[in-house]
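Chains, contacts and geometry: an overview
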Amino acid sequence: MHSFEYKGGVLHCEGVNLDELVNETGSPVYVYSKATILDHYRRLSAGMSELDCLICYATKANSNLAILNLLAKEGSGFDIVSGGELYRVEKAGGDPGKCTFAGVGKTREEIEMALDAGILSFNAESEAEVEFINQVAGEKGVIAPIALRVNPNVDAKTHKYISTGKSENKFGIDFSIIREAYERASKLPHIKVQGLQMHIGSQLTSIGPFEEAVKKVVPLVEELKERYGIEFFSIGGGMGIVYTDSLASGVGQWWDKKEEKPLTIEEYASTLVPLLKPLDLKIILEPGRFMVGNAGIMITEVLYEKRGSAKTFKIVDAGMNDLIRPALYEGHHDIVPVKEPSSFATEPVDIVGPVCESGDFFAQNRELPEIQAGDRIAILSAGAYGFVMASNYNTRRFPPEVLVDGEKSHIIRPRQSYEDLVSAEVIPD
Ligand SMILES: *Cc1c(COP(=O)(O)O)cnc(C)c1O
């Protein structure tokens with residue numbers, strides 16, 4: 001679900017009028033719906049309730065402390081990929097004992113931090129990493145819990161930049177050598193082999209690749225359980241969301257509906273639970289995008305219109321530094337005016353930002369209703385991999401983030417100040 005819809009001709013997030021909100025916060029701004037995030041967490045949890053299941057929210061999708069706190073209070077664990085994310089999770093009241101630590105390049109400092117915090121598991125991505133974790137744990141006189149990430153060599157059929165489960169990807173340990181890797185890891189004195197992990201990619205919109213990967217890996221999990229007494233199997237994240245047609249039906253008939261079908265929790269659970277239940281192990285899920293993607297939007301204001309001979313450009317006050325998905329992976333975001341258009345007549349436009357890069361666009365040749373300078377538009381489904389990928393390129397300030405809760409809105413991060421932009425920099429004398 002999501003909680004963005006027109007009420008009285010103005011886009012609302014839950015009970016908050018977004019035009020009025022932007023009058024206060026300025027533009028651009030990210031807005032998140034608390035109800036949507038909680039709904040996703042609770043429904044996924046309920047869908048998997050036949051299993052001993054721990055949801056470890058993939059922190060990197062949206063790591064604002066308020067969002068992490070929301071999920072921590074629901075009992076969520078966290079999948080982290082850096083020392084910084086561990087720091088955030090602890091600041092937000094998350095339980096490190098429910099944290100899994102992923103990523104191909106963990107540093108000594110990060111491994112020490114995670115050992116000190118007492119995380120649930122290092123999800124190790126190479127044998128060299130396991131040996132290094134063993135060494136660091138040995139120096140501390142502790143035992144490090146680990147899982148190996150297996151690369152099941154399954155095609156996730158998603159964009160090549162977000163596919164991770166094929167042999168040519170840098171992630172995980174090849175399926176063909178994983179048994180030997182477990183055997184060696186199990187002999188290391190400061191390692192306890194706790195589980196097996198996989199994650200085949202992101203934005204998967206069909207159940208097929210998940211099913212294929214789980215079916216392929218389950219016999220291995222059984223073997224590892226028998227031999228090493230592993231306690232969990234993490235099937236990773238990757239559940240996709242619908243980026244088109246993402247406003248409540250009935251409004252916005254102007255945009256091209258691609259008939260994108262969401263992967264539902266029901267389909268995910270009804271296919272995977274029967275495959276996983278016989279394992280009688282703890283099952284870990286690491287959803288990121290699914291949890292927060294459709295729970296957030298970015299609002300930006302149209303500054304200028306430029307009619308070229310070939311194209312019409314609408315230049316907005318947000319740039320690729322604020323939301324990089326279109327530039328980075330050709331990510332599609334539906335765009336709707338904050339004030340509901342009075343006519344469904346459309347024209348093809350490019351929505352572009354002010355950054356000095358041709359990749360700085362949010363939409364190209366998009367049929368949109370009439371929007372003029374001064375109008376505000378909402379870039380939908382921007383809750384995941386949105387703000388977290390923002391940069392200060394062109395010395396542009398980070399936009400503010402707002403969490404809506406019913407009729408109330410909370411600024412969970414104010415717009416960055418110019419002082420803050422340069423505060424860490426030093427001119428040597
Ligand atoms: C990024 C990542 C996830 C989350 O992926 P989504 O597509 O956002 O669900 C889960 N697990 C690992 C190891 C990741 O790197």
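Residues numbered from 1 in each chain as written. Predicted model: local features only at pLDDT ≥ 70, side-chain atom pairs only at ≥ 80, totals over all residues. Heavy atoms only, no water.

A short note on helix α8 (residues 208–228)
Note the threshold: Counting from the N terminus, the helices are DSSP H or I runs at least four residues long and the strands are E runs at least two residues long. The length a helix should cover is 1.5 Å for every residue beyond the first. The bend reported for a residue corresponds to the angle between axes fitted to the seven residues ending at that residue and the seven starting there. For every residue, the accessible area (1.4 Å probe, protein chains only) is compared with the maximum for its type, and the residue is labelled buried under 20%, exposed over 50%, or partly exposed between those bounds. Contact definition: two residues touch when any of their heavy atoms are within 4.5 Å.
For α8, built from 21 residues, the straight-helix expectation of 30 Å at 1.5 Å per residue is met to within 8% by its first-to-last C-alpha distance of 30 Å. At Val217, α8 shows its maximal bend, which comes to roughly 35°, and the proline Pro219 appears one to four places after that position. For α8, every residue scored as buried is listed here: Pro209, Phe210, Ala213, Val214, Val217, Val218, Leu220, Val221, Leu224 and Tyr228. The elements touched by buried residues of α8 are β9 (144–151), α7 (178–186), β11 (191–197), β12 (232–234) and α9 (265–276). Phi for Gly229, located one or two positions after α8, is positive at around 65°.

Considering the domain arrangement of the chain
What counts is decided by this rule: For the domain bounds, the source is a domain assignment made automatically or taken from a database. Two parts lose some accessible area (1.4 Å probe) when they are put together, and adding that loss for both gives the buried area. What makes a salt bridge here is a side-chain nitrogen of Lys or Arg within 4 Å of a carboxyl oxygen of Asp or Glu, nothing more. Between N or O atoms, a polar contact is any pair within 3.5 Å; within protein, one atom must be a potential hydrogen donor and the other a potential acceptor, and residues adjacent in sequence are included only when both atoms are from side chains. Each residue gets one label: Ala, Val, Leu, Ile, Met, Phe, Trp, Tyr, Cys and Pro are nonpolar, Asp, Glu, Lys and Arg are charged, and the others, such as Gly, are polar.
Here the chain is partitioned into domain 1 (34–293) and domain 2 (295–415). Computed over C-alpha atoms only, the centres of domain 1 and domain 2 are separated by 30 Å. Both sides together, the interface formed by domain 1 and domain 2 hides about 2600 Å², and carbon and sulfur atoms give 59% of it. Taken together, domain 1 and domain 2 are joined by one salt bridge. Between the two partners, domain 1 and domain 2, sit nine residue pairs in polar contact (both at pLDDT 80 or more). Elements with a minimum of two residues in the side of domain 1 that touches domain 2: α2 (34–47), α3 (65–73) and α10 (289–292). Its residues placed into classes, the side of domain 1 that touches domain 2 shows 15 nonpolar, nine polar and five charged.

So, the pairing of strand β13 (residues 282–285)
Rule in force here: Only strands that DSSP links by at least two bridges are regarded as paired with each other.
Pairing of strand β5 (residues 52–58) with β13, which is carried by four bridges, proceeds in the parallel orientation. Counterpart to Leu54 in the pairing with β13 is Ile284. Pairing between β12 and β13: three bridges, direction parallel. Note on β13: the bridge partner recorded for Ser234 is Ile284.

With respect to the side chain of Glu129
Inspection of the secondary structure assignment puts Glu129 in helix α6 (residues 127–140). Setting aside chain neighbours within four positions, we find Glu129 in contact with Gly103, Val104, Lys106, Asn123 and Ala124.

Remarks on the environment of Val316
Within the secondary structure, Val316 sits in strand β15 (residues 312–316). For Val316, the contacting residues outside a window of four places in its chain are Thr300, Glu301, Val302, Leu303, Ile351, Val352, Gly353, Pro354, Phe362 and Ile377.

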